Structures are given as C-alpha cells and as structure tokens.
Amino acid sequence: MDRVDVVVLGGGSAGEVVSAALAAEGRSVAVVEGSRVGGACPYVACMPSKSLLHSAAALAGADASLGDRISAYREAVRRRDEVAEGRDDTKAAESMQQSGVRLVRGRGRVTAPGIVVVEGEQLGWANLVVATGSVPVVPDIPGLAAIPTWTSEEALSSPALPSSLVVLGGGPVGCELAQVFARFGVVVTLVESGGRLLGNERPEVADRLAAVLRSDGVDVRVGTSLERAEPGTAGGARVHLSDGTSTDCSRVLLAVGRRPATSELGLEVLGVEPDDQGALAVDERCRVVGQDCVWAAGDVTAVAPFTHTANYQAGVIAANILGRDRQAHYGAIPRAVYTDPPVASVGRTDEGPGMVSASFDLRELARTLSDDGPGGLLVLTADRVRGVLLGAAAIGARADDWMSEAALAVRAEVPLAILADTVHAFPTMSQAFEPAYRELAARCSSG
C-alpha cells in the first residue's frame with residue numbers, strides 16, 4: 001500500500017489549490033479524481049457561462065433577425081468550447097502532476113481510518129481532504145422524467161439552441177442562463193417558486209434584475225412553481241404551473257440548486273455523518289467537526305458555495321496542515337450574478353436591529369452618462385453603533401468588479417468616517433460609494 005501525507009478526494013478547484021500548496025512545501029500528496037481535474041467550473045459551469053454571457057451581451061437591444069441570432073449562437077458555442085478547453089482536462093492534469101502531486105483517476109472511498117481505496121488500489125494517508133464538490137439537484141416533479149430536460153451543466157456543454165425553454169429556478173444560474181438564451185432568440189419562461197428572484201439578496205436589487213430580464217423578453221414568473229409535466233408536441237414538453245397556466249417548450253432547464261457530493265465516500269467509517277443536505281460541518285480551520293486529520297473545502301461544506309470560497313478554504317487547510325494556524329472568516333465573501341448588468345453583493349444586506357442603510361441610483365454617475373450605461377442601484381448597510389460597514393448590494397455595470405471595495409471594508413471593519421473620506425477617480429462606477437458612505441457616516445455619528 002502506498003502511503004502519502006495527504007489524500008485529497010476531488011481534483012476540482014479546492015483540490016488543485018490545496019494539493020499544490022502542500023506539494024510546494026515538500027508534502028507527499030495524492031489527488032483522487034473520477035472526472036475532470038479542475039472540477040465543473042472551467043468546463044461546464046463558471047467559464048462557459050461567462051463566455052456565453054459575453055457573447056450574448058452584443059445582442060442586447062439589437063434589431064437582429066432570428067437567423068442572425070442563431071448564427072451568433074453558433075459562433076458563441078465555438079468560443080465557449082474554446083474557453084472551456086473543449087471540456088478536456090489534459091492541461092490541468094499535466095499541470096497538477098508537474099507540481100509534484102500524484103493524480104489518481106477514479107472514485108475514492110474510505111474503507112478504514114487512514115485508508116482510501118481507488119479502483120482496488122489502497123492509499124494510506126495521514127490527512128484526508130474532502131473536496132468532491134456538488135451535483136445539480138433534480139427536483140421530484142411528476143412527469144419530469146418523461147420530458148426533455150437539461151441541468152445547467154448540460155446546457156453549458158450542448159451545441160443545441162432550443163426554440164423555447166422553461167428555466168426552473170430564479171437563482172444566479174437560472175437568471176444568467178435565462179438571459180443568455182433569451183438574447184439568442186429563445187422564448188424563455190423563468191419560473192421561481194419564491195416571491196422574487198435571488199431570494200437571499202436585497203429585494204430592490206432583485207426587482208431591478210427581474211426588470212432587466214423582462215426587457216430581454218424573459219417571461220419572469222415569481223411565486224410560481226412547476227407542478228407537473230408531460231410530453232408535448234414535436235418531442236418537446238408541456239409544463240403545468242401553480243398559477244393555473246400551462247406552457248409548451250422545447251425543454252426544461254433545471255436550475256434549482258446543487259447539493260454536496262458526499263455520498264458513497266465511506267466517511268461513516270470515520271464517524272463522519274453529513275447533514276440532511278449532504279454537507280460536512282467544519283470548524284473555523286476547515287477541519288471536519290469531531291475529526292483531527294479530516295478536512296473539507298468547497299461545496300461539500302455548503303459555506304458560500306463559490307469557486308473563490310473553495311480556493312480560500314483550500315488555503316486555510318493547507319496552512320493548518322503545515323502547522324501554521326489559520327482561521328477562515330466568511331463574513332466578507334463576495335457574491336455575484338454575472339448577468340448584464342451584473343448583480344454583486346457582500347456581507348449582510350438585511351436590515352436588523354441597530355442597522356441603517358443608504359442607497360444611490362447609478363443613473364446619477366457621470367460614468368453612466370458617458371458610457372450610456374444601464375444605470376442601477378447600490379445599497380449599503382452599516383452598524384449604527386460601531387460605525388462600520390456590514391454589507392453592500394448592487395446591480396450595475398461592472399458591479400462585480402467594484403464591489404471588491406466593499407468586501408475589503410467589511411472584512412477589515414474600516415470605520416465609516418474613513419470610507420466617507422476616501423477619494424475615487426472621476427469618472428468611475430466606484431464613485432457610487434461616496435454619497436452612500438457619507439450618508440451612513442452622518443446617520444451613525446448622529447446616533
């Protein structure tokens with residue numbers, strides 16, 4: 001049996017980061033991956049979706065024929081597949097091995113403390129890192145199995161352009177893909193069971209996004225669920241909704257979320273039991289609760305399930321395995337929806353006791369005028385007593401970039417008096433912070 005210092009279950013983003021960091025410090029590391037090195041993000045998630053959004057942006061408001069939009073989609077798919085390396089992980093696998101990490105292809109399962117078995121091969125470990133990511137949720141809806149459906153991963157790897165699409169789920173993925181397909185000429189209905197899109201974000205920001213999608217031709221239906229489905233004409237589907245209507249479509253795109261991929265890993269042998277959703281509880285050092293040498297990073301922890309969170313947790317794990325005590329802080333993890341314009345947020349965006357908020361309309365910015373931009377909204381939330389920023393939410397041009405300022409302010413607990421005295425270059429979108437900072441500083445200082 002081969003023995004290594006660390007076995008990493010999962011060669012996605014977190015697995016790549018933690019294994020490279022440990023190998024660079026002389027630790028022996030084996031990464032077990034049954035699919036693609038790099039995980040879903042480079043091949044069937046983040047990168048291809050952003051590529052399609054970029055291509056679709058050129059069609060916003062354009063007076064293009066359906067034929068022109070179909071031709072544009074073919075070119076967008078070509079570019080998408082190029083960005084996604086043709087969904088081929090050869091370069092990523094070679095890079096991992098060149099960093100000194102052993103790559104073991106297959107699905108790993110813990111069979112005893114300190115032992116993982118991969119395709120009949122035993123690997124001994126002193127530390128185990130679980131970074132197996134997540135899988136799309138397929139809802140239990142009567143008739144769904146009898147109609148053509150896509151998960152987001154299938155939609156982002158298929159060359160097909162359906163004539164009509166029902167997108168089930170109004171979260172980030174559902175909103176992004178609804179906009180993409182609508183701009184390429186697809187008749188899109190977006191169905192969200194909650195009272196608004198992006199249910200965890202500021203209502204006024206989510207409402208602005210709904211308006212944007214409607215302007216793109218998306219039929220946005222909130223407070224509505226898909227109750228049953230049946231085969232339709234020409235190989236399509238007919239879906240029946242809770243508002244009493246039915247809709248015919250070429251297929252249904254399932255975007256109702258993802259769940260941690262922790263089943264059949266043998267973790268019960270170690271006394272590790274995922275929660276009802278499949279998530280692993282971790283402490284502030286990303287160690288699995290109740291374990292000394294078992295760690296978890298990325299979507300399996302269900303903590304802010306983004307690629308950047310996975311990379312952050314991977315760095316925390318590497319530091320702790322190397323004996324450099326490091327704790328994770330999640331209060332300033334940025335969130336983004338890469339629609340056009342994007343939605344971006346960080347920290348707390350609710351309005352609890354002792355909290356105050358201030359907003360700014362992006363149409364008042366000189367940069368919005370010079371760029372003939374879409375306008376938008378920024379909302380800041382602060383702690384009235386401590387005088388620090390707690391969170392921010394925005395929709396507007398490049399908000400996903402300039403929101404980093406708020407992320408730093410929240411993480412470092414920069415006093416509002418300092419933020420209000422910060423100068424931003426003219427003309428930039430980040431100038432939106434200045435009047436909102438000043439309003440919050442005045443309200444906090446006045447008690």
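Please read all numbers here as calculations on a predicted model, not as lab measurements.

This part covers the overall build of the protein. When helices and strands are counted, the protein shows 14 helices and 22 strands. Here the C-alpha atoms of the protein give a radius of gyration of 23 Å, agreeing with the 22 Å that 2.2 N^0.38 yields for 447 residues. The principal-axis extent of the C-alpha atoms belonging to the protein is close to 65 × 65 × 40 Å. Scored against the burial criterion, the 447 residues of the protein give a buried share of 51%. For the protein, the share of sequence-separated contacts (at least 6 apart) that also reach a separation of at least 24 residues comes to 64%. Accessible surface computed for the protein: about 19,200 Å², of which carbon and sulfur atoms make up 49%. On the protein, the mean spot of the 40 positive side-chain charges and the mean spot of the 55 negative ones are 1 Å from each other.

Here we take up the environment of Glu405. Residue position: Glu405 is located in helix H12 (residues 404-412). Along the sequence, Glu405 and Ala392 sit 13 residues apart, while their C-alpha atoms lie 9.8 Å from each other. The residues contacting Glu405, other than those within four sequence positions of it, are His424, Ser430, Phe433 and Tyr437.

Now for the sheet that holds strand S15 (residues 251-254). Strand order in the open sheet made by the five strands is S8-S15-S9-S10-S11, with parallel pairing throughout. Because the sheet does not close on itself, it has two edges, and the strands there are strand S8 (149-151) and strand S11 (219-222). Adjacent strand axes in the sheet meet at a mean angle of 20° when their direction is disregarded. Pairing geometry for S8 and S15, over three bridges, is parallel. Counterpart to Trp150 in the pairing with S15 is Leu253.

Let us look at the side chain of Arg202. The residue Arg202 is located in the loop between strand S10 (187-192) and helix H8 (203-215) in this model. Of note is the side chain of Arg202, whose polar atom sits 3.0 Å from the backbone oxygen of Thr349. Beyond its immediate stretch of four places on either side in the chain, Arg202 contacts Arg196, Thr349, Asp350, Glu351, Ser357, Val379, Thr381 and Ala393.

Attention shifts here to the sheet that holds strand S18 (residues 335-337). Strands sit in the order S18-S19-S22-S21-S20 across an open sheet of five strands; the sheet is antiparallel. In this open sheet, the two strands that pair with only one neighbour each are S18 and strand S20 (355-361). Within this sheet the neighbouring strands show an average axis-to-axis angle of 15°, counted without direction. Looking at chain direction, strand S19 (residues 343-347) and strand S22 (residues 388-395) are connected through five bridges and run antiparallel. When the sheet's bridge partners are listed, Gly347 is paired in S22 with Gly391. Running at roughly 10° to S22, H8 makes contact with S19, S20, strand S21 (377-383) and S22 of the sheet. Lying over the sheet, helix H14 (residues 433-445) contacts S20, S21 and S22, oriented at roughly 155° with respect to S20.

The rules behind each value
- Residues numbered from 1 in each chain as written.
- Predicted model: local features only at pLDDT ≥ 70, side-chain atom pairs only at ≥ 80, totals over all residues.
- Heavy atoms only, no water.
- Helix = DSSP H or I, 4+ residues; strand = E, 2+ residues; numbered from the N terminus.
- Rg over C-alpha atoms; globule rule 2.2 N^0.38 Å.
- Buried < 20%, exposed > 50% of the residue type's maximum accessible area, 1.4 Å probe, protein only.
- Contact = heavy atoms within 4.5 Å.
- Areas by Shrake-Rupley, 256 points an atom, 1.4 Å probe, with all protein chains shown as cover.
- Lys, Arg positive; Asp, Glu negative; His and termini not counted.
- Charge placed at Lys NZ, Arg CZ, Asp CG, Glu CD.
- Pairing = 2+ DSSP bridges.
- Axes fitted to C-alpha atoms, helices over the stretch in contact; angles between N-to-C directions.
- Polar contact = N/O pair within 3.5 Å; in protein donor to acceptor, adjacent residues only side chain to side chain.

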